[in-house]
Amino acid sequence: SAVISQKPSRDICQRGTSLTIQCQVDSQVTMMFWYRQQPGQSLTLIATANQGSEATYESGFVIDKFPISRPNLTFSTLTVSNMSPEDSSIYLCSVGHRTDTQYFGPGTRLTVL
Amino acid sequence: LAKTTQPISMDSYEGQEVNITCSHNNIATNDYITWYQQFPSQGPRFIIQGYKTKVTNEVASLFIPADRKSSTLSLPRVSLSDTAVYYCLVGGSENGANNLFFGTGTRLTVIP
């Protein structure tokens, strides 16, 4: 299994600002994903982070709002742009060589005031 | 995209065996069945995966009937630390296309 770290673990931000979340893996992995999980809810996939190319976004999520970078096989960032209180959530990155056996990071708890 | 249906919540006493059943009527031939466990304030954790019949590991057993339209996660002799949300997923690929769907999950509460 892979060891995944995320930074920051939590943050409180003002509306209209942006936050970049980092995801670091201790080994090279084929796939990296970003999820959002609102309190008491299930996980929703935001996008697949593709190494060396633009991320693949799920329906309802756009690059302008959630730009993603993946410069190499062990690191990715997700930016939550122009935040509003509705963006308050837990953001999780996951990695794997198959989509059905993913390893998740500890998550970043974001509160937007 | 194969979706799943599972009970929203379950309660169990410590020491009992817990069985959580998941329905996946539209499962495709190549789909695996995977279960994840999520504790509060943590990311989900992979616990078991199967394709057909029975799979057992140190944490749980997974029973899959011949038609594969459902599966049952079995947790032997649960303890308070097994209180968590359990997600059943079907699908999976190696080509980067994420066809997994995390449904509502089953919130298991273990009672002393």
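This is a predicted model, so every value here is computed, not measured. (Residues numbered from 1 in each chain as written. Chains lettered and ligands numbered in written order. Predicted model: local features only at pLDDT ≥ 70, side-chain atom pairs only at ≥ 80, totals over all residues. Heavy atoms only, no water.)

**Section: the interface of chain A and chain B**
Next, step 1: Facing 21 residues of chain A, the contacting portion of chain B comprises 24 residues.
Next, step 2: Of the roughly 1700 Å² buried between chain A and chain B, counting both surfaces, carbon and sulfur atoms make up 49%.
Next, step 3: It is Arg98(A), Thr99(A) and Asp100(A) in chain A that bury the most area against chain B; as a group they hold 31% of the surface buried on that side.
Next, step 4: For the pair chain A and chain B, the interface holds zero salt bridges.
Next, step 5: Counting across the chain A and chain B interface gives five residue pairs in polar contact (both at pLDDT 80 or more).
Next, step 6: Among the elements of the structure, strand S4 (31-37) and strand S5 (43-49) of chain A are those that each provide at least two residues to the side of chain A that touches chain B.
Next, step 7: Counted by class, the side of chain A that touches chain B contains eight nonpolar, ten polar and three charged residues. (Contact = heavy atoms within 4.5 Å. Buried area = accessible area lost by both parts, 1.4 Å probe. Salt bridge = Lys/Arg side-chain N within 4 Å of Asp/Glu carboxyl O. Polar contact = N/O pair within 3.5 Å; in protein donor to acceptor, adjacent residues only side chain to side chain. Helix = DSSP H or I, 4+ residues; strand = E, 2+ residues; numbered from the N terminus. Nonpolar A, V, L, I, M, F, W, Y, C, P; charged D, E, K, R; others polar.)

**What to know about the pattern of salt bridges**
Residues and elements named next belong to chain A.
Next, step 1: Going through the model one piece at a time under the given rule, you end up with one salt bridge over all chains.
Next, step 2: Of the charged contacts, one joins Lys65 and Asp87 as a salt bridge, the two residues approaching to 2.6 Å between their closest N and O atoms. Of this pair, Lys65 sits in the loop between strand S6 (56-57) and strand S7 (68-72) while Asp87 sits in the loop between strand S8 (75-80) and strand S9 (89-96); the two residues are 22 residues apart in sequence, bridging distant segments of the chain.

**A word on the packing of aromatic side chains**
Next, step 1: Going through the model one piece at a time under the given rule, you end up with nine aromatic pairs over all chains.
Next, step 2: Relative to Phe102(B), the ring of Phe104(A) has its centre 5.9 Å away and its plane inclined at 85°; by these criteria the two rings are edge-to-face. Pair noted here: Phe104(A) is in strand S10 (residues 103-104) and Phe102(B) is in the loop between strand S8 (84-91) and strand S9 (106-111), and the two residues belong to different chains. Side by side, Phe104(A) and Phe102(B) carry an identical accessibility label, which is buried.
Next, step 3: Seen from their ring centres, Tyr36(B) and Phe46(B) are 6.0 Å apart, and the 85° between their planes marks the pair as edge-to-face. Linking Tyr36(B) in strand S3 (residues 32-38) with Phe46(B) in strand S4 (residues 45-50), this pair joins segments that are ten residues apart in sequence.
Next, step 4: Among the residues examined, Phe46(B) registers a relative accessible area of 25% and is labelled partly exposed.
Next, step 5: One aromatic cluster is present, formed by Tyr35(A), Phe104(A), Tyr36(B), Phe46(B), Tyr87(B) and Phe102(B) through successive ring pairs.
Next, step 6: Above the ring of Tyr51(B), the side-chain terminus of Arg68(B) is found at 3.9 Å from the ring centroid. (Phe/Tyr/Trp six-rings, centres within 6.5 Å; stacked < 30°, edge-to-face > 60°. Buried < 20%, exposed > 50% of the residue type's maximum accessible area, 1.4 Å probe, protein only. Lys NZ or Arg CZ within 6 Å of the ring centre and 35° of its normal.)

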